[in-house]
Amino acid sequence: MTENQAIELNLDIHADRLRARLVEKGTGDTWADGPYHWSLQVQHPDGVLDCRQLRDARLEQDAGALTLHARIGGLLLKQRWALPADQPWMEETVRLANDGDAPVAVMGIECG
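The shown structure was predicted, so the numbers you read here are calculated from the model rather than taken from an experiment.

Q: Explain the overall build of the protein chain to me, please; I cannot follow it from the model alone.
A: When helices and strands are tallied, the protein chain shows 0 helices and 11 strands. Traced from its N-terminal end to its C-terminal end, the protein chain shows the element sequence β-β-β-β-β-β-β-β-β-β-β. For the protein chain, the C-alpha atoms occupy an extent of roughly 50 × 25 × 25 Å along the three principal directions. By residue count, 32% of the 112 residues in the protein chain fall in the buried class. Sequence separation of at least 24 residues holds for 39% of the intrachain contacts in the protein chain that already meet a minimum separation of 6. Each charge class in the protein chain was averaged separately, 11 positive and 18 negative side chains, and the resulting centres sit 3 Å apart.

Structure follows, in structure tokens:
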């Protein structure tokens, strides 16, 4: 769990599946409470593959942020949710890296 003056974010991993709960502290309104999904479309010789399953998922927490490390579609995924202590918002960053020898063409990505 991490929070700032306005938002509380809870993330939990079970069996390579992420669950997210996002609450506005001032009103108590819940903006999200359920599974977090990914869809990564990569070019393959047989067509475009739609990859949705994370592998080797783990969470890391540091001051005011949660970071997900995982693999999806043969790529490394690093997704960070930061809640600046002095601001009423959340910053989300998604990074994909290819640690293999062959190029990977990403045709699209969706998450949420």
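Q: It is not clear to me how the pairing of strand β8 (residues 65-72) should be interpreted in this structure. Could you clarify?
A: Looking along a regular strand, one sees the side chains alternate between the two faces of the sheet. The buried fraction of β8 is high, at 8 of 8 residues. Alternating positions in β8 separate into two faces, Ala65, Thr67, His69 and Arg71 on one and Leu66, Leu68, Ala70 and Ile72 on the other, with burial throughout. Alignment of β8 against strand β9 (residues 75-82), held across 8 bridges, turns out to be antiparallel. Bridge pairing in β9 places Ile72 opposite Leu75. Once β8 ends, the chain turns through 2 residues before running back antiparallel as β9, passing Gly73 with a positive phi of about 55°.

Q: Would you mind going over a nonpolar patch on the surface with me for this structure?
A: Together, Val94, Leu96, Val104, Val106 and Ile109 line one region of the surface with nonpolar side chains, adding up to about 330 Å² of accessible area. Contributions of two or more residues to the nonpolar patch are made by β10 (91-97) and β11 (106-111). When you line up the elements, Val94 lands in strand β10. For Val94, a relative accessible area of 34% translates into the label partly exposed.

Q: Can you walk me through the pairing of strand β6 (residues 47-51) in this structure?
A: Relative to β6, strand β5 (residues 38-44) runs antiparallel, the two being bridged by 5 bridges. Paired with His44 across the two strands is Gly47, which belongs to β6. Between β5 and β6, which pair antiparallel one after the other, the connecting turn spans 2 residues.

Q: Before we go on, may I ask you to explain the side chain of Gln79 in this structure?
A: Mapping Gln79 onto the fold places it in strand β9. One polar contact links Gln79 to Trp38, side chain to side chain, over a distance of 2.8 Å. Here the side chain of Gln79 touches Glu92 through a polar contact of 2.5 Å, side chain to side chain. Not counting residues up to four positions away in its chain, the partners in contact with Gln79 are Tyr36, Trp38, Leu66, Thr67, Leu68, Glu92, Thr93, Val94 and Cys111.

Definitions and cut-offs
Residues numbered from 1 in each chain as written. Predicted model: local features only at pLDDT ≥ 70, side-chain atom pairs only at ≥ 80, totals over all residues. Heavy atoms only, no water. Helix = DSSP H or I, 4+ residues; strand = E, 2+ residues; numbered from the N terminus. Buried < 20%, exposed > 50% of the residue type's maximum accessible area, 1.4 Å probe, protein only. Contact = heavy atoms within 4.5 Å. Lys, Arg positive; Asp, Glu negative; His and termini not counted. Charge placed at Lys NZ, Arg CZ, Asp CG, Glu CD. Pairing = 2+ DSSP bridges. Patch = residues over 30% accessible without salt bridge, like charges linked within 9 Å, V, L, I, M, F, W, Y side chains within 5 Å. Areas by Shrake-Rupley, 256 points an atom, 1.4 Å probe, with all protein chains shown as cover. Salt bridge = Lys/Arg side-chain N within 4 Å of Asp/Glu carboxyl O. Polar contact = N/O pair within 3.5 Å; in protein donor to acceptor, adjacent residues only side chain to side chain.

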